[in-house]
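# Tertiary structure, described
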Amino acid sequence: MTRTPRTGAFSVRPMDPSPGRRRDGKDGRSDSELVHTWVTHPRSAFWMMGDARLEDIEREYTAIAAHPHHDAFIGLHEGRPAFLMERYDPTEVELQGLYEAEPGDIGMHFLVAPPETPVHGFTLAVITTVMETLFADPGVRRVVVEPDVTNHAVQALNKAVGFEVIREITKPEKQALLSACTREQFEAATTGAER
């Protein structure tokens, strides 16, 4: 669990994509129902699932749960679902054949739920929690990401936690800005930073 002075406590748990399985005790929605509302919100355009049906989300995340090199997690803020995190092996998923992998690389996606009331620094606290979760595995030496080249907001967040741009790459669904962050870069960028 991560706790920040400004934004409170954060943690992550595995996503359960099972249809109808209730995980959120607050409002009774399943993980897939939560994620469906998040990815179809206009603020989530870069997730590219704006037209997805609930069944599409259940199918997609059931496939991720069964995949040996891809995982999905629900991020909690003060015990309530607040973000989605995906972890993947970039040599097997997303970036296979598109970059020069290094031992200890892990790939990551994250999506913050549309807020009811925006909190300054919240998204930075989320990405910091995601990075801390990934680096909690001692085998992880570097996190790689591939945001859309036009997603300037996430590029700024990436830079704030230590990511450096490697180069632009072409993926089937987008032009992406391949970026990487070592454990040392993350620690240097976030040590002493108030979140």
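Cut-offs applied
- Residues numbered from 1 in each chain as written.
- Predicted model: local features only at pLDDT ≥ 70, side-chain atom pairs only at ≥ 80, totals over all residues.
- Heavy atoms only, no water.
- pLDDT = per-residue confidence, 0-100.
- Helix = DSSP H or I, 4+ residues; strand = E, 2+ residues; numbered from the N terminus.
- Salt bridge = Lys/Arg side-chain N within 4 Å of Asp/Glu carboxyl O.
- Buried < 20%, exposed > 50% of the residue type's maximum accessible area, 1.4 Å probe, protein only.
- Core = buried A, V, L, I, M, F, W, Y, C linked by side-chain atoms within 4.5 Å.
- Contact = heavy atoms within 4.5 Å.
- Expected span 1.5 Å × (residues − 1).
- Pairing = 2+ DSSP bridges.

Across the chain, the average pLDDT comes to 90, with 90% of residues at 70 or higher. Mean pLDDT across the elements of the chain ranges from a minimum in strand β1 (residues 2–4), with 60, to a maximum in strand β6 (residues 142–145), with 98.

Two side chains with opposite charge may pair up if their charged atoms get near one another. All chains considered together, the criterion is met by 11 salt bridges. Of the charged contacts in the structure, one is a salt bridge between Arg 59 and Asp 56, with a shortest N-O distance of 2.6 Å. Within this pair, Arg 59 and its partner Asp 56 are both found in helix α2 (residues 54–66), separated by three residues, close to a single helical turn. Note that Arg 142 is salt-bridged to Asp 105, the shortest N-O span being 2.8 Å. Highlighted residues: Arg 142 in strand β6 and Asp 105 in strand β5 (residues 105–112), separated in sequence by 37 residues. Note on Arg 142: relative accessible area 10%, which makes it buried. Judged by relative accessible area, which is 11%, Asp 105 ranks as buried.

Before going further, it helps to examine the nonpolar core. Counting residues in hydrophobic clusters, the biggest one holds 26 residues, and the most contacted among them are Met 108, Phe 110, Val 126, Val 130, Met 131, Val 143 and Phe 163. The set of elements that each furnish at least two residues to this core consists of β4 (80–88), β5, α3 (122–135), β6 and α4 (152–160). For Val 143, the contacting residues outside a window of four places in its chain are Ile 106, Met 108, Met 131, Leu 134, Phe 135, Phe 163, Ser 179, Ala 180 and Cys 181.

Below, the discussion takes up α3. Spanning 14 residues, α3 covers 20 Å between terminal C-alpha atoms, matching the ideal 20 Å at 1.5 Å per step. The buried count for α3 comes to 10 of 14 residues, which makes it a mostly enclosed element. Listed in full, the buried residues belonging to α3 are Phe 122, Ala 125, Val 126, Ile 127, Thr 128, Thr 129, Val 130, Met 131, Leu 134 and Phe 135.

So, about the pairing of β4. With respect to burial, β4 is a largely interior element, seven of its nine residues being buried. Both strand β3 (residues 70–77) and β4 contribute to a ladder of eight bridges, which runs antiparallel. Within β4, the residue paired with Phe 73 across the bridge is Met 85. Following β3, the chain reverses through two residues before pairing antiparallel with β4; Glu 78 in that reversal takes a positive phi of roughly 50 degrees. Here β4 runs beside β5; their pairing, made up of six bridges, is antiparallel. Looking at β5, one finds that Met 85 is bridged to Phe 110.

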